[in-house]
Number of protein chains: 2
Amino acid sequence: MLKANEDRTSGVVTSGRWGQIYDDLKSAILAHNIAPGTKLPEDELGEVYSVSRTLVRAALQALAHDRLVQLEPNRGAFVAKPSKREAREVFEARAIIEPKVAAMAAAIAKPSDIKVLRRHLDEEHKAIHDGRQGDAVMLSARFHEGIAEIAGQTILTEFVRSLCSRSALIISLYSRRTDTFCESHAHHALVDAIAANSELDASELMTSHLVDLLSGIDVSESAGPQRKLSEILRGV
Amino acid sequence: MLKANEDRTSGVVTSGRWGQIYDDLKSAILAHNIAPGTKLPEDELGEVYSVSRTLVRAALQALAHDRLVQLEPNRGAFVAKPSKREAREVFEARAIIEPKVAAMAAAIAKPSDIKVLRRHLDEEHKAIHDGRQGDAVMLSARFHEGIAEIAGQTILTEFVRSLCSRSALIISLYSRRTDTFCESHAHHALVDAIAANSELDASELMTSHLVDLLSGIDVSESAGPQRKLSEILRGV
DNA sequence: CGCTGAGCAAATGAATCCAATCTTGCGCAG
DNA sequence: CTGCGCAAGATTGGATTCATTTGCTCAGCG
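None of the values given here were measured: they were computed from a predicted structure.

Colleague: Got a sec to walk through the side chain of B:His65? Specific residues and values, please.
Modeller: One can find B:His65 in helix H4 (residues 53-65). Given the relative accessible area of 17%, B:His65 is considered buried. Here the side chain of B:His65 touches A:His65 through a polar contact of 3.2 Å, side chain to side chain.

Now the structure itself:
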């Protein structure tokens, strides 16, 4: 199941064992095993993990901060359904941050870093080949995170991690093509540029890669997912 | 006391009334009313706010996610003490994000937006004049947030908000000059550029403003603040 | 036949309670 | 006199329990 709980929530807390639940739920959501909009009742999750609602609540709160779940007062927790506006903003933010990060990574990448990236690529390729789309989007996200880590920017790495998580949700919601999740050749070209220490190439490749990703999803203006069903049925 | 709890934690949750505690503590930390490294015992806070430890824990967890407090397992919560490395990274991140945001804001700023910014400036000026440094840094942060809001980028606004919060902590820790918090003239020039819809000027002014801020703090390499008191006293 | 309102059930919000862990102070041995 | 070890106190971690809000159902009325 692609153990992803090695560094806890994003290095934030490490407190207690609710991080386990956090990681599990996060994996499930990102891998699209739980559909956006799904209700996440506290006691149900508590029963699944054999823990109290207290821990479930802590995990849900952390996920809410990552915007992967939406907490509605006295209603419950739901898997987030990013609006198209939010989707556009996520990619705009990535377009601002990630090219710079890629350039920084290219500037200081060591051979060992490149090896790590290529290993990521291999895993991703295998996941795509095996048809495990859920794992593929997660590995793609981890690839982008990996670049940020090479850049040595822990804070920007956090931002990239957050944005990639949300991107995974967005792609699962609005994807038009099935191969939307990071075509491998784009990633390969990126690694080559970084390995060659060419900052400009890395920056531009990242930009075009993000444009590619964005072109693969439908962000045309329309009623957001917040619209009530009644309004939709009324044909408003 | 500068009511800041109008939009809750960063629009994240709005759940329950622990947001009140969150906002209060955040204000106190950013205004430097609580020194970095200070322990924040749960039941003490619970007594102060006449509330159960449950809510205090929720607030502390949210603050931990913002990196304003550090949660140590079985130890407790402490006001964060960003290392110099973290300090540098925060400003590097700001240098990447904020100029772009300023340019976007300049591109689409309406007269009403400018009025809001100028009102921020007035409050900030008054706070500085009155010697209320704590409020000044908070208002400075809100000014930067305001620019991001004008840019219409809610996600980047969140990032800027987070970075500005941490900057406030950093400045209070490593400031050399006392006037470090955003000299007003820099902010005025920024507003002028945005009002004139000149994206390039806004971007460059923001960059130089951030460089200015960074030059005002001491980020020279040295042992981080994680050093034990014993090591310091030993003169290591 | 449709609409309104009271009542019921379920889920969340918050407080209290118990357990586990760390800190600190004291005592004793070397 | 100093250093190690142990026990008591304090503090956090997690579970259980009570209260409140929300949403739904169904009876009564227009």
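Colleague: Could you give an account of the relation of the copies chain A and chain B, naming the residues involved and the relevant values?
Modeller: Between chain A and chain B, the superposition needs a rotation of 180° and an axial shift of 0.1 Å, giving an RMSD of 0.1 Å. With respect to symmetry, the two chain copies, as superposed, fit the operation of a two-fold axis. Residue A:Ile97, judged by its C-alpha, is the member of chain A lying nearest the rotation axis, at 3.4 Å. The residues that chain A uses at the interface reappear at the interface of chain B in 97% of cases, marking a shared surface.

Colleague: Describe the packing of aromatic side chains, and please don't skip the residues or the numbers.
Modeller: The relation between two aromatic rings is expressed through the spacing of the ring centres and the mutual angle of the planes. Residue and element names in this part refer to chain A. The final tally for this structure, using the stated rule, is three aromatic pairs over all chains. Plain terms: the ring middles of Trp18 and Tyr22 are 6.4 Å apart, the flat faces sit at 90° to each other, and that makes the pair edge-to-face. Linking Trp18 with Tyr22, this pair stays in helix H1 (residues 18-30), spanning four residues, or about one helical turn. Pair check on accessibility: Trp18 and Tyr22 agree, each one buried.

Colleague: Tell me what's going on with the protein's contact with DNA strand D, and back it up with residues and numbers.
Modeller: Around DNA strand D lies a shell of 19 residues, among which A:Ser52, A:Thr54, A:Arg75, B:Arg53 and B:Arg57 are the nearest. The sugar and phosphate moieties of DNA strand D supply 64% of its atoms located within 4 Å of the protein. Contact distances for DNA strand D include 3.3 Å between a phosphate oxygen and a side-chain N or O atom of A:Arg75. Contacts to DNA strand D include B:Arg57, whose side-chain N or O atom sits 2.8 Å from a base nitrogen.

Colleague: Residues and numbers for the sheet that holds strand S2 (residues 69-72) of chain B, please.
Modeller: Residues and elements named next belong to chain B. Spatially, the three strands line up as an open sheet ordered S1-S3-S2, and their pairing is antiparallel. In this open sheet, the two strands that pair with only one neighbour each are strand S1 (39-40) and S2. Bridge analysis of S1 against strand S3 (residues 76-79) gives two bridges, and the strand direction is antiparallel. Considered in S3, the bridge of Leu40 is made with Ala77. Packing against the sheet, H4 makes contact with S1, S2 and S3, and its axis sits at approximately 115° to S2.

Colleague: Quick rundown of the packing of helix H4 (residues 84-108) of chain A against helix H7 (residues 154-174) of chain A? Include the residues and the values.
Modeller: Residues and elements named next belong to chain A. Where H4 meets H7, the closest approach of the two axes is 9 Å, and the angle between their N-to-C directions is 140°. On the basis of the axis angle, H4 is oblique to H7. Between H4 and H7 lies a crossing whose hand is left-handed. Of the residues in H7, those touching H4 at Lys84, Glu86, Ala87, Val90, Phe91, Ala93, Arg94, Ile97, Glu98 and Val101 are Leu156, Phe159, Val160, Leu163, Cys164, Arg166, Ser167, Ile170 and Tyr174. Of the residues belonging to the contact of H4 with H7, the class tally is 13 nonpolar, one polar and five charged.

Colleague: Requested: an account of the packing of helix H9 (residues 184-195) of chain B against helix H10 (residues 199-215) of chain B, with residues and values cited.
Modeller: Residues and elements named next belong to chain B. Where H9 contacts H10, the axes come no closer than 8 Å and their chain directions differ by 165°. Compared by their axis directions, H9 and H10 come out roughly antiparallel. Seen along the crossing, H9 lies across H10 with a hand that is left-handed. Here Ala186, His187, Ala189, Leu190, Ala193 and Ile194 of H9 come into contact with H10, specifically with Asp201, Ala202, Leu205, Met206 and His209. Counted by class, the contact of H9 with H10 contains eight nonpolar, two polar and one charged residues.

Parameters and conventions
Residues numbered from 1 in each chain as written. Chains lettered and ligands numbered in written order. Predicted model: local features only at pLDDT ≥ 70, side-chain atom pairs only at ≥ 80, totals over all residues. Heavy atoms only, no water. Helix = DSSP H or I, 4+ residues; strand = E, 2+ residues; numbered from the N terminus. Buried < 20%, exposed > 50% of the residue type's maximum accessible area, 1.4 Å probe, protein only. Polar contact = N/O pair within 3.5 Å; in protein donor to acceptor, adjacent residues only side chain to side chain. Least-squares fit on C-alpha atoms with pLDDT ≥ 70 in both. Contact = heavy atoms within 4.5 Å. Phe/Tyr/Trp six-rings, centres within 6.5 Å; stacked < 30°, edge-to-face > 60°. Near = heavy atom within 4 Å. Pairing = 2+ DSSP bridges. Axes fitted to C-alpha atoms, helices over the stretch in contact; angles between N-to-C directions. Parallel < 35°, antiparallel > 145°, perpendicular 65-115°, else oblique. Left-handed = near helix turned anticlockwise from the far one by under 90°. Nonpolar A, V, L, I, M, F, W, Y, C, P; charged D, E, K, R; others polar.

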